[in-house]
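Fold and geometry: a report
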Amino acid sequence: MAEEEIKKTTAEANEAQAPKAKAAKKGKRIVNSGAVHIQATFNNTIISVTDKKGEVLSASSAGANGFRGSKKGTAFAAGVAAEKALDIAKKNHALNSVDVYVSGIGLGRDAAIRAVSTVGIKIDSITDVTPIAHGGVRPKGERKP
């Protein structure tokens, strides 16, 4: 009997020492202006909507919207993905103006930009941030005299 009481008291002491941590639920932030980052590859198009600091408000891709295989790289799939990401940002965060940053050379570049304007969000600027190689490494083979 004494052992059972000791076990109960030690269990109660352990519970008292380690309180259950509850994560505080974040409230919905109101963000008037933000940025839309569009990464358009040949195989997929990924859209991220961020605030001015770069914290992601919503994101979507052609693959996340049910397109599979070669259909993910189409302009239509990019438009659907952009509309979904922007609808979420507009409803949850009251987003109304964005700067658009486009990276990549896929088919979804223009379609995603068009989707931004059809959702009813004002576009402040469009910037192409596709990395372009200049110089690069030495080519294979012997050096030429």
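Structure first, text after, so check above.
About the thresholds
Residues numbered from 1 in each chain as written. Predicted model: local features only at pLDDT ≥ 70, side-chain atom pairs only at ≥ 80, totals over all residues. Heavy atoms only, no water. Helix = DSSP H or I, 4+ residues; strand = E, 2+ residues; numbered from the N terminus. Buried < 20%, exposed > 50% of the residue type's maximum accessible area, 1.4 Å probe, protein only. Contact = heavy atoms within 4.5 Å. Areas by Shrake-Rupley, 256 points an atom, 1.4 Å probe, with all protein chains shown as cover. Pairing = 2+ DSSP bridges. Axes fitted to C-alpha atoms, helices over the stretch in contact; angles between N-to-C directions. Salt bridge = Lys/Arg side-chain N within 4 Å of Asp/Glu carboxyl O.

Tallying secondary structure elements over the protein gives 3 helices and 5 strands in all. Ordered by position from N to C terminus, the α and β elements of the protein give α-β-β-β-α-β-α-β. Counting across all 145 residues of the protein, residues that qualify as buried make up 32%. Taking as baseline every contact in the protein between residues at least 6 positions apart, the subset at least 24 positions apart corresponds to 64%. Element-wise, carbon and sulfur atoms account for 56% of the exposed surface of the protein, whose accessible area totals about 10300 Å².

For the rest of this paragraph, the subject is the sheet that holds strand 3 (residues 56-61). One open sheet holds the 5 strands; their spatial order is 3-2-1-4-5, and the pairing between them is mixed. Two strands lie at the open edges of the sheet, namely strand 3 and strand 5 (122-128), each paired on one side alone. Across the sheet, the mean angle separating the axes of adjacent strands is 15° when strand polarity is ignored. Here 7 bridges tie strand 1 (residues 33-40) to strand 4 (residues 97-103), and the two strands are oriented parallel to one another. Within strand 4, the position partnered with Gln-39 by the bridge is Ser-103.

For the structure shown, the criterion picks out 5 salt bridges. For Asp-51, the salt bridge is made with Arg-29, and the minimal N-O distance between the two is 3.0 Å. Linking Asp-51 in strand 2 (residues 45-51) with Arg-29 in the loop between helix 1 (2-17) and strand 1, this pair joins segments that are 22 residues apart in sequence. Looking at Asp-51, the relative accessible area reads 7%, which means it is buried. Overall, Arg-29 belongs to the partly exposed group, its relative accessible area being 34%. The partner of Lys-52 in a salt bridge is Asp-99, with the nearest N and O atoms 2.6 Å apart. With Lys-52 in the loop between strand 2 and strand 3 and Asp-99 in strand 4, the pair connects residues that are 47 residues apart, well separated along the chain. By relative accessible area, Asp-99 is classed as buried at 13%. Salt bridges sharing partners connect three or more residues here, namely Arg-29, Asp-51 and Glu-55.

Time to look at unusual backbone geometry. A positive phi angle is found at Ala-94, which is not glycine, with a value near 55°. Secondary-structure assignment places Ala-94 in the loop between helix 2 (75-93) and strand 4.

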